[in-house]
Amino acid sequence: KTKKTKKKKKMRAFRRKSSCSLTLLFCLFCIHFSVSSKGGFVEVSAKKTAASESSSSSSSSNQFGISATAFGTWREVFNAAPSRAEESIKDDISPPIKIYVYNDADVKKLLFPGKETQAYKSGVCGMKMYGSQVHIADFLLKSKELRTENPSDADFFFLPGWPKCMLDAPPNGAGLTDDELAKRLNGVIEKLPYIKKSGGRDHVFVWPSGRGPTLYKNWRCKIPNSIFLTPEGFYTDPYRTLAPYFDPWKDVVLPGFMDGRKDSYLETNKRTSKRTKLASFAGTVPDGQALKGDEKHVKAHPRERLLKLSKKYPDALLAISGRTPKYAEILGDSKFCIVPRGLSPWTLRTYETFFAGCVPVIISDSVRLPFQEFLDWSLISIKWPEAKIDESLLTYLKSIPDEEIEKIVRRGEQVRCVFAYQADATKCNAFSAIMWALSLKDRNVASTSEWALRDEM
């Protein structure tokens with residue numbers, strides 16, 4: 001019995017040693033594989049890290065989509081799209097301008113909705129593109145680098161106000177008519193203490209809708225020489241009979257305000273080689289009522305023609321009329337994102353594409369794109385004529401190899417910081433880019449009409 005017991009003990013010890021040896025060998029193999037394999041554990045770990053970083057980035061945006069951190073640097077922008085402006089625009093410095101922001105001490109009852117409106121209480125006016133009227137003022141008020149409280153030091157004067165929300169019907173807005181808004185604005189502008197000095201030439205106004213300054217019916221006689229910040233370099237089709245209001249010499253185009261949607265585009269963004277769709281478009285198609293019954297204009301509209309082209313070539317082009325919950329997924333699975341004009345030449349899709357990782361194909365003949373003062377759009381997008389929405393468009397897109405598509409996408413990623421609103425005047429973001437564009441405008445010499453206006457006032 002003693003001999004048998006000793007023999008069993010030896011067998012148990014041998015098994016334990018063998019088991020430990022096999023475990024150690026397997027662990028060494030795993031470590032070797034994870035370090036040496038490019039497609040193994042290391043890559044998976046990197047992907048998880050990137051995903052967590054993306055997640056934390058999206059959670060750092062506030063309810064309006066203003067990011068807590070910048071999406072890139074000015075150095076990256078000019079590496080992707082060289083420009084003479086890179087001699088002036090650099091990281092960690094703010095635009096060399098000072099802006100005086102008017103307040104109630106200068107003019108009582110500035111242009112804000114009443115406190116009883118839903119817009120004032122819930123921040124409705126701060127959402128989407130209309131939000132630019134709120135957030136640019138807020139950015140300037142908080143900017144230590146750009147704001148001055150001494151009018152004598154100011155290069156520009158900014159009048160805060162929410163003109164679009166003043167016109168919106170209650171409870172979201174104040175419900176004013178065009179005439180009532182004009183009367184309010186007339187009263188405010190006439191009392192601005194520093195506007196006569198330059199005939200309004202150094203005064204800045206934000207017009208956050210496609211109507212631009214036509215929101216204010218008296219703008220031509222009251223502030224014709226002032227600087228307009230507006231998403232449109234043109235005007236919407238229902239107002240196309242009006243004379244153009246945008247002057248590229250003095251005015252600045254605002255990039256689209258995406259709120260928090262850019263985070264969803266980042267999450268569905270795939271590598272070019274993994275995308276299954278050549279080109280796509282999803283969105284509403286204007287009808288005759290929206291275009292004031294202009295049936296001929298509707299039939300010739302780029303969006304309507306894209307739908308017809310998609311039916312003819314469904315394998316090459318996905319076109320959906322109306323809203324879809326899979327919009328971000330469609331962008332993230334397309335190599336080219338078609339960006340046709342809407343009711344006006346402007347569309348938010350232009351800016352969405354840079355976060356979705358697809359090449360924007362802009363089909364809008366009269367569009368004025370933001371930051372053309374220093375950004376070469378030909379390096380980050382394709383511009384296609386409205387008259388050629390046919391099979392030649394698809395033939396051209398098919399001819400571009402994935403390697404070239406990838407280069408355009410990478411350049412787009414390097415410059416997209418100028419389309420993301422982030423409140424730091426020294427970093428690359430939409431707010432600071434707007435101010436840099438403003439600083440590059442040359443307005444040292446007043447025109448004859450400005451001197452005439454000065455005498456009238």
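Structure: see above.
Since we're looking at a predicted model, the values are computed, not measured.

A. Highlighting the state of the cysteines. Evaluated as defined, the whole model comprises three disulfides. For Cys337, the disulfide goes to Cys358, at an S-S distance of 2.0 Å. Where Cys337 bonds to Cys358 through sulfur, the torsion about that S-S bond is close to -105°, and the disulfide is left-handed. Here Cys358 lies in the loop between α13 (349-356) and β9 (359-363) and Cys337 lies in strand β8 (residues 334-340), a separation of 21 residues in the sequence. Neither Cys337 nor Cys358 differs from the other in exposure class; each is buried.

B. Region of interest: the sheet that holds strand β5 (residues 252-253). The sheet built from five strands is open, its strands ordered β1-β2-β3-β4-β5 with parallel pairing. At either end of the open sheet lies a strand with only one pairing partner, and these are β1 (99-101) and β5.

C. Structural context of the packing of aromatic side chains. All chains considered together, the criterion is met by 24 aromatic pairs. Note on Phe112 and Trp162: the rings are 5.7 Å apart at their centroids and 85° apart in plane angle, and the pair reads as edge-to-face. Of this pair, Phe112 sits in the loop between β1 and α4 (118-122) while Trp162 is found in the loop between β2 (156-158) and α6 (163-167), placing the two residues 50 residues apart along the sequence. Through pairs of rings, three or more aromatic residues link up here, namely Phe205, Trp207, Tyr216, Trp219 and Phe228. Positioned above the aromatic ring of Tyr130, the side-chain terminus of Lys164 is 4.5 Å from the ring centre. Note that Lys250 overlies the ring of Phe228, its terminal NZ or CZ placed 4.1 Å from the centroid.

Cut-offs used in this document
- Residues numbered from 1 in each chain as written.
- Predicted model: local features only at pLDDT ≥ 70, side-chain atom pairs only at ≥ 80, totals over all residues.
- Heavy atoms only, no water.
- Disulfide = S-S within 2.5 Å.
- Helix = DSSP H or I, 4+ residues; strand = E, 2+ residues; numbered from the N terminus.
- Buried < 20%, exposed > 50% of the residue type's maximum accessible area, 1.4 Å probe, protein only.
- Pairing = 2+ DSSP bridges.
- Phe/Tyr/Trp six-rings, centres within 6.5 Å; stacked < 30°, edge-to-face > 60°.
- Lys NZ or Arg CZ within 6 Å of the ring centre and 35° of its normal.

Keep in mind these numbers describe shape, not what the thing actually does.
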